[in-house]
Amino acid sequence: MHSLKTFTASIFALLMLLTATTSAQTLLEKKFTASAESEATLDLTASALGTSWEKSGSEAATVSIFVDGKKHQDAILFAGAKPFTYRLLLGRIAPGEHNVRIELNRQQSAATATIVNIADAKISLLDRNQPDFQMIAHAPILFARPDTIGKFSDVPLLMYCETLKESGKTILRYTVIFTNEDGGTQTAALMARWGRTTDIEWVVDVEFDATGKVVNSTFQAASHVTTRFQGKREADHPLFLTATVNNNFSDQGDSAMRFTLRPISVDLSAHSREWVMDQNPWTYTVMAEEMTREGKITDERTLGARIGDLRTYLYVDVASTQQSGALFSFAVKLKNNPRWYTSDFGINSYKIERSGYFRTTIRLPKGTTLKQIERLAARCDLTGNPRSKEEIAKATTAQCEMGAINKVFFLNDNYQPGASLPIKGSAVKILFGETVEFPVGIGK
């Protein structure tokens, strides 16, 4: 009998210990009052000791945020032990008193994430009369891709919104920057064709008539197919599941984790999408840390899933229009070195076919500085090897109409954009098969 009592007591103690270690830990509770129906935002400044996005097993703490006792969202504290402000939404709020509670989500946190410090939790309210209300009110809510939960990959970092005017209508276009994409384009091709390893994905266009009424919403479904939204909304927020390994979306379904990022307003009429990262340079640091943790960084000059240290790449931001199937690429020559280093590695599928403002990169020897760059060259090519009369005729009209080289830079020691390289050059038309060189205006 004594042994049975001892055994029972031991089991009870074990259960109490398990309950204590898995139960929620409240980090903060805060009350606020809304005088009118509003959209609430939360600027959460937090740090998680013992975590680092670049270290497997210590990636991040996850906090769950409750509004009036109901779980509203999760936030992955990817910035680690350094205090960082996460820009979040709390959704539509009715007039009256409300409560926000923030808990450490132990189940979805790294094992080392035992201490989370919240330095500030600023709640702001926007009513219908405030300028940003419409942009905030229609921002999409994203459910995490199920196979990323607990794995700290393909995490949404930042949401931005463009305001477009078309035929008397207003369109709010929402785009999300993810830390990476687990499927789709290989890592080396991402650097060549997009100039980054983050994944920047258009989510949804919300279209309004002249009275401010929503008349249509379209989103990016699997295989990048533009699809009419027919899913659920929470107040005016459309709900989406991140559904594919390259972070396309579905308007059906959910998962155990969801994110409600507060969008920032941007104008990309004269900028590349990567310019948004430039304005938020911490995104480069998170990008580099994830590449390191996933074992995708190598000193070997290989192609495919692995790339070099992100600080060894020259980042080139350009505006160009490709016509008649033309493809665009860049190359760099260093002083006292006869070799030309190319963005495309001589591979057609690594060249750029899209027009507009875009970015590419060129991998250079470790330790290369801006002062060592002697010349930059742009080349125009065409897919395949033209042989028939029709192909040859097409080749004669193919050209890359380059408007400007906007900036050329390396990442610094902290993986953030450094100073831009001065380039002497102007708008130029480059015919198929031609290369145009630009001298670099930097001191010896």
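Owing to the predicted nature of the structure, the values given are computational and were not obtained by experimental measurement.

### A few points about the overall build of the protein chain
In step 1: From N to C terminus, the protein chain includes six helices and 26 strands.
In step 2: Judged by the C-alpha coordinates and their principal axes, the protein chain covers about 90 × 60 × 45 Å.
In step 3: For the protein chain, the proportion of contacts with a sequence separation of at least 24, taken over those separated by at least 6, is 73%.
In step 4: A total of about 20200 Å² of accessible surface is found on the protein chain, and carbon and sulfur atoms cover 52% of it.
In step 5: Counting 50 positive and 48 negative side-chain charges, the protein chain places the centres of these two groups 4 Å from one another.

### Considering the packing of aromatic side chains
Each aromatic ring pair is characterised by the separation of its centres together with the angle its planes make.
In step 1: Here the structure, examined in full by the defined rule, presents 16 aromatic pairs.
In step 2: Seen in terms of ring centroids, Phe229 and Phe240 are 5.2 Å apart; in terms of plane orientation they differ by 55°. Their pairing is tilted. Of this pair, Phe229 sits in the loop between strand S13 (225–228) and strand S14 (233–234) while Phe240 is found in strand S15 (residues 237–242), placing the two residues 11 residues apart along the sequence. Neither residue differs from the other here; Phe229 and Phe240 are each classed as buried.
In step 3: Following the ring pairs from residue to residue traces out a cluster consisting of Phe178, Phe219, Phe229, Phe240 and Phe249.
In step 4: Positioned above the aromatic ring of Trp53 is the side chain of Arg293, whose terminal nitrogen or guanidinium carbon lies 4.7 Å from the ring centre.
In step 5: Here Arg354 stacks its cationic end above the ring of Trp194, 3.8 Å away from the centre of that ring.

### Some points on the sheet that holds strand S12 (residues 214–221)
Think of a sheet as strands paired side by side through backbone hydrogen bonds, with each pair either parallel or antiparallel.
In step 1: The strand order across the open sheet built from six strands is S13-S12-S11-S10-S9-S18, with neighbouring strands paired in mixed fashion. At either end of the open sheet lies a strand with only one pairing partner, and these are S13 and strand S18 (264–266). When the angles between neighbouring strand axes are averaged without regard to direction, this sheet yields 30°.

What counts, and at which threshold
Residues numbered from 1 in each chain as written. Predicted model: local features only at pLDDT ≥ 70, side-chain atom pairs only at ≥ 80, totals over all residues. Heavy atoms only, no water. Helix = DSSP H or I, 4+ residues; strand = E, 2+ residues; numbered from the N terminus. Contact = heavy atoms within 4.5 Å. Areas by Shrake-Rupley, 256 points an atom, 1.4 Å probe, with all protein chains shown as cover. Lys, Arg positive; Asp, Glu negative; His and termini not counted. Charge placed at Lys NZ, Arg CZ, Asp CG, Glu CD. Phe/Tyr/Trp six-rings, centres within 6.5 Å; stacked < 30°, edge-to-face > 60°. Buried < 20%, exposed > 50% of the residue type's maximum accessible area, 1.4 Å probe, protein only. Lys NZ or Arg CZ within 6 Å of the ring centre and 35° of its normal. Pairing = 2+ DSSP bridges. Axes fitted to C-alpha atoms, helices over the stretch in contact; angles between N-to-C directions.

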